[in-house]
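What the coordinates show
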Amino acid sequence: MEGLPLVRLLSMALRTSLEQLHEQLAAAGYPELRPTHGYALNAVARGEATASELAVGLGITKQGAAKVLQQLLDSGYVEQCVDPRDSRNRPVRLTRRGRAAVRTSVRIQAEMQRRWEEHVSAADVETLVTSLERIVRAENGGELPPVRPGW
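The rules behind the values
Residues numbered from 1 in each chain as written. Predicted model: local features only at pLDDT ≥ 70, side-chain atom pairs only at ≥ 80, totals over all residues. Heavy atoms only, no water. Helix = DSSP H or I, 4+ residues; strand = E, 2+ residues; numbered from the N terminus. Contact = heavy atoms within 4.5 Å. Axes fitted to C-alpha atoms, helices over the stretch in contact; angles between N-to-C directions. Parallel < 35°, antiparallel > 145°, perpendicular 65-115°, else oblique. Left-handed = near helix turned anticlockwise from the far one by under 90°. Nonpolar A, V, L, I, M, F, W, Y, C, P; charged D, E, K, R; others polar. Salt bridge = Lys/Arg side-chain N within 4 Å of Asp/Glu carboxyl O. Buried < 20%, exposed > 50% of the residue type's maximum accessible area, 1.4 Å probe, protein only.

Notes on the side chain of Thr50
Mapped onto the secondary structure, Thr50 falls in the loop between helix H2 (35-46) and helix H3 (51-58). Discounting chain neighbours no more than four positions away, the residues touching Thr50 are Leu69, Asn89 and Pro91.

In C-alpha cells form, the structure reads like this:
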C-alpha cells in the first residue's frame, strides 16, 4: 500500500467509513438510510429545515433537496410543520425516529473513531481530524464547503 495518492486514500477511507456506518445503521433498524439522508438529517437538526436551506447546505439543487426531504418524510424521519410567519413555508423537523437515527449515527461514528485509535493513537486521530479541517478550510476560503453527497 506504499505510495498511494492522497486523494485515492481519502476516497478509500470515506468509502470504508460510510459502508461500515450504514451497515451498522441498517443493523440498528435504519436500513433505508443512505449518506445523503444522514447529511440531510444532520442539516435539519442544525436548523436547515426547508428544501431551499437544505439545498444550500448540501450543495445540491432545490429539487434534489425536496426529493431527499420527501424520502425522509415517507420513511418517518422528519415531519412537516407550518411556519408561523409564512404559512406557504413548509419546514420540516426531526421526528422521534429521526432524532434516534441521528443519535445512533453519532454513537456508531464514535465507536468507529475508537477503532481507528486502536490502529494508531488517539492523538494521531485527533491530529488527522484537526489537520483535515484546517486544510479543507484553507482550500475553501476559510469555510467548510457543502458536502455534496452521493450514493
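Moving on, there is more to tell.
A word on the packing of helix H5 (residues 96-119) against helix H6 (residues 122-139)
At a closest axis distance of 7 Å, the pairing of H5 and H6 adopts a crossing angle of 120°. On the basis of the axis angle, H5 is oblique to H6. The two elements H5 and H6 meet at a crossing, and its hand is right-handed. Of the residues in H6, those touching H5 at Gln113, Trp116 and Glu117 are Ala122, Val125 and Leu128. Here the contact of H5 with H6 is composed, by residue class, of four nonpolar, one polar and one charged.

Focus: the pattern of salt bridges
With the rule as written, the count across this model stands at five salt bridges. Salt-bridge contacts for Arg93 lead to Glu79; the nearest nitrogen and oxygen are separated by 2.7 Å. Within this pair, whereas Arg93 is found in strand E2 (residues 92-94), its partner Glu79 is found in strand E1 (residues 78-80), the two being separated by 14 residues in sequence. The class of Glu79 is partly exposed, set by a relative accessible area of 32%.

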